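# A structural walkthrough
This is what each chain is made of:
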Amino acid sequence: MEIEEIVRKYSNMLYKICIVMLCNEQDVQDAIQETFCRLMEKRPRFESEEHKKAWLIHVATNICKDMLRFRIRHPKVSIEAIGSIEAIGSTESAGRIEKLSAYLVAPEYRETLTELLELPLKQRTVIYLHYVEGYQIKEIAEIVGITQYAVKKRLQRGREQLRILYQEV
């Protein structure tokens, strides 16, 4: 399969995974581009379509993690926020999450996505891969590079936190 076909087939899926992790349109585009660049550089041999899909997800999630680590180490303040420091608070991130959920999902699922985006990254990633992409625990463990027990624990904690968030609403 040529690279154009791979890009067409997997871009949407990678976009959804990266946007859930990064919550930033520009970073998501960079992460997807970097994922496909690595595909062209490495030219790995895939055993099956599922292997190819898992490889792309694994690379994309690792790139997202690297970007998040960079954000933590190199914090920035937007130009708009320089004039009013209070704009940096929760209203900005809440607005970004609302825009994101409106873009990604149908209206009946927006509240669920908003709650999902409030979870810590580790839980958010495994919950998305399990419930949205349909991966099994063993597959998620291989993709994310953790043990099956860690995947189960993250799923459990994520579900507990979502339960708590829904009870508050």
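Let me sum up the structure you'll find in this document. Keep in mind the model is a prediction, meaning the values are calculated, not measured. Starting afresh in each chain, residues are numbered from 1 along the sequence in its written order. Two thresholds apply to this predicted model, a pLDDT of at least 70 for residue-level local features and 80 or more for giving and counting side-chain atom pairs, whereas whole-chain, interface and lining totals are computed over all residues. Only heavy atoms go into the side-chain values, all of them from the structure, while hydrogens and water stay out.

Bringing the packing of helix α1 (residues 3-22) against helix α3 (residues 49-73) into the picture now. One can describe the packing of α1 onto α3 by two numbers: an axis separation of 10 Å at closest approach and a directional angle of 35°. Crossing of α1 over α3 shows right-handed handedness. When α1 is examined against α3, the residues Ile 6, Lys 9, Tyr 10, Met 13, Leu 14, Ile 17, Cys 18, Met 21 and Leu 22 are found in contact with a partner set consisting of Glu 49, Lys 52, Lys 53, Leu 56, Ile 57, Ala 60, Thr 61, Cys 64, Lys 65, Met 67, Leu 68 and Arg 71. Its residues placed into classes, the contact of α1 with α3 shows 14 nonpolar, 1 polar and 6 charged. Where helices are involved, their axes are fitted lines through C-alpha atoms of the stretch in contact, as for all axes, and angles between N-to-C directions lie from 0 to 180°. Strands are runs of DSSP state E lasting at least 2 residues, helices are runs of H or I lasting at least 4, and numbering of each runs from the N terminus. Crossing handedness: left-handed means the near helix sits turned counterclockwise from the far one by under a right angle, and right-handed means the same turn made clockwise. What makes two residues a contact is simply this: any of their non-hydrogen atoms within 4.5 Å. Each residue is assigned to one of three groups, with Ala, Val, Leu, Ile, Met, Phe, Trp, Tyr, Cys and Pro labelled nonpolar, Asp, Glu, Lys and Arg labelled charged, and all others, Gly among them, labelled polar.

Classification of ring pairs rests on two measures: the distance between centres of Phe, Tyr or Trp rings, Trp counted by its six-membered ring, which must be within 6.5 Å, and the angle between planes, read as stacked under 30 degrees, edge-to-face over 60 and tilted in between. A complete count under the given rule lists 1 aromatic pair for this structure. Geometrically, the ring pair formed by Phe 46 and Trp 55 is edge-to-face, given 5.8 Å between the ring centres and 65° between the ring planes.

Next up on the list: the nonpolar core. Generally speaking, nonpolar side chains in soluble globular proteins are found buried as a group. Formed by 44 residues in total, the largest nonpolar core has its most connected members in Leu 14, Leu 56, Ile 57 and Leu 129. Looking at this core element by element, the count peaks at 12 residues for α1. Ignoring any residue separated from it by four or fewer positions in sequence, one finds Ile 57 in contact with Met 13, Leu 14, Ile 17, Leu 129, Tyr 135 and Ile 143. Each nonpolar core is a collection of buried residues, namely Ala, Val, Leu, Ile, Met, Phe, Trp, Tyr and Cys, held together in the definition by side-chain atoms within 4.5 Å. Relative accessibility thresholds used throughout: buried, under 20% of the residue-type maximum; exposed, over 50%; partly exposed, between the two (1.4 Å probe, protein chains only).

Our focus in this paragraph is the side chain of Gln 123. Inspection of the secondary structure assignment puts Gln 123 in helix α7 (residues 121-132). Residue class for Gln 123 comes out buried when judged on its relative accessible area of 11%. Apart from the residues lying within four places of it in its own chain, the contact partners of Gln 123 are Arg 154, Arg 157, Gly 158 and Gln 161.

On to the environment of Cys 64, then. Structurally, Cys 64 is set in helix α3. Note on Cys 64: relative accessible area 0%, which makes it buried. Considered as a pair, Cys 64 and Ile 19 are 45 residues apart in the sequence and their alpha carbons are 9.2 Å apart. Not counting residues up to four positions away in its chain, the partners in contact with Cys 64 are Cys 18, Met 21, Leu 22 and Ala 31.

With that settled, consider α1. Count 3.6 residues to each turn of an α-helix, and residues three or four apart come out pointing the same way. Taking 1.5 Å of rise per residue, 20 residues should cover 28 Å, yet α1 covers just 25 Å from first to last C-alpha, more than 12% shy of that figure. At Tyr 10, α1 shows its maximal bend, which comes to roughly 50°. Among the residues making up α1, those that are buried are Ile 3, Ile 6, Tyr 10, Met 13, Leu 14, Tyr 15, Ile 17, Cys 18, Ile 19, Val 20, Met 21 and Leu 22. Within two residues after α1, Cys 23 carries a phi angle of roughly 55°, on the positive side. A helix is expected to reach a length of 1.5 Å times the quantity of its residues less one. Bend, at a single residue, is the angle you get between axes fitted to the 7 residues ending at that residue and the 7 residues starting at it.

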